[in-house]
Amino acid sequence: MQGIRNTLEKTLNLDQLKSFGLVIETGSFSAAADRLGLTQPAISLQVRQLERRLSVRLIERVGKRARATPAGMELLRHAHHIETAVDNAIDALADHASGVTGRVRLGTGATACLHFLPAVLRALREEFPALGIVVSTGNTEDHVRKVEENSIDLALVTLPAAGRSLSVTRVLDDEFVAIGRSDLAPLKARVTPADLAALPLVLFEPAANTRKLVDRWFAAEGLQPQPVMELGSVEAMKEMVAAGLGYGIVPRMAMTGRGAHPDLKTSRLAPRMHRTLAVVMRRDKPVSKALRAVLDAIAAAGKSRR
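Treat the numbers as computed from the prediction; the structure is a model and nothing was measured.

Draft legend 1. Focus on the pattern of salt bridges. According to the stated counting rule, one finds 17 salt bridges in the structure shown. Its salt-bridge partner being Arg35, residue Glu25 comes within 3.1 Å of it at the nearest N-O pair. Placement of the pair is Glu25 in helix H2 (residues 14-26) and Arg35 in helix H3 (residues 29-36), with a sequence separation of 10 residues.

Draft legend 2. Geometry of the pairing of strand S5 (residues 154-158). For S5, the buried fraction is high: five of the five residues fall into the buried class. A two-sided burial pattern is seen for S5, the buried positions comprising Leu154, Leu156 and Thr158 on one face and Ala155 and Val157 on the other. Pairing analysis gives three bridges linking strand S3 (residues 102-108) to S5, with the strands arranged parallel. Bridged to Gly107 within S5 is Ala155. Summarising the sheet, S5 and strand S12 (residues 274-282) pair through four bridges and their orientation is antiparallel. Counterpart to Thr158 in the pairing with S12 is Leu277.

Draft legend 3. Structural context of unusual backbone geometry. Cis peptide bonds are those with omega within 30 degrees of zero, and the linkage from Leu159 to Pro160 qualifies with 10°. Examined against the element boundaries, Pro160 turns out to sit in the loop between S5 and strand S6 (166-181). Cis peptide bonds are those with omega within 30 degrees of zero, and the linkage from Ala270 to Pro271 qualifies with 5°. Within the secondary structure, Pro271 is located in the loop between strand S11 (264-269) and S12.

Draft legend 4. Broad picture of the packing of H2 against H3. Remark: H2 packs on H3, axes separated minimally by 8 Å, with the N-to-C direction vectors making an angle of 120°. Looking at the two axes, H2 sits oblique to H3. At the point where H2 passes H3, the crossing takes the right-handed sense. Side by side, H2 and H3 meet where Lys18, Ser19, Leu22, Val23, Glu25 and Thr26 of the first sit next to Phe29, Ala31, Ala32, Arg35 and Leu36 of the second. Classifying every residue of the contact of H2 with H3 by side-chain character gives six nonpolar, two polar and three charged.

What counts and how
- Residues numbered from 1 in each chain as written.
- Predicted model: local features only at pLDDT ≥ 70, side-chain atom pairs only at ≥ 80, totals over all residues.
- Heavy atoms only, no water.
- Salt bridge = Lys/Arg side-chain N within 4 Å of Asp/Glu carboxyl O.
- Helix = DSSP H or I, 4+ residues; strand = E, 2+ residues; numbered from the N terminus.
- Buried < 20%, exposed > 50% of the residue type's maximum accessible area, 1.4 Å probe, protein only.
- Pairing = 2+ DSSP bridges.
- Axes fitted to C-alpha atoms, helices over the stretch in contact; angles between N-to-C directions.
- Parallel < 35°, antiparallel > 145°, perpendicular 65-115°, else oblique.
- Left-handed = near helix turned anticlockwise from the far one by under 90°.
- Contact = heavy atoms within 4.5 Å.
- Nonpolar A, V, L, I, M, F, W, Y, C, P; charged D, E, K, R; others polar.

Here you go:
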């Protein structure tokens, strides 16, 4: 009995581990309590219980900030792997459930979120009402990092997306078009890099994969664009162009359906330029029924747009 008792006393409590991690992340017991919707004494109790279980001190105060002791830092190194292992086990067990339930964390860019995902998410909601999907927006680099860390389950991003631990599945090619006001020196039906290089341009911010594609398109003709504005949002770019402040190059999907703008005219690019949207996941990610439903819905939507 004593051996069993000792084993149980060493068992990690996941709630205590999460509370400990948040105290270190926020530097405060009260801030961690706010994040978890608990009281500060409750968080303090969980950390004390965790310290008693492990027979080490995990947190010390430096000034007004709570910091990890050397033992606490060692525990933090393992905490992420523990959380990932638990998440993977839960995902694997979801395959044995009778229906599609649970939560899927999806990262994507703002344009795909506005002009590709709404129909996908609506169809999933109608077919699987118990399925929850949490969507976050950002750039490819950030989402790839989050996939590798397993803080999101999958990402729909603009290629390239590099990582030895990643599985990359192409979804669709999205052609780029030039845009300008139809009443201010309208563009030709097909425009070249030389046609646009001399014009005031509203382009993506330099860090975006889409901007890199645009820069390479100009560079192939020995040209380097000199934008008057660099923005991180396609919708903001459209509004600036609609205000007569320049001309832009945007994904075609941002100009179709609800994305169409009454004051803007689109022109094809010559030579053609496109970006490839792809789903990125960890190779070792267990594919639950919930995750499979999301993957299938994205693939079907991509196929319908080809």
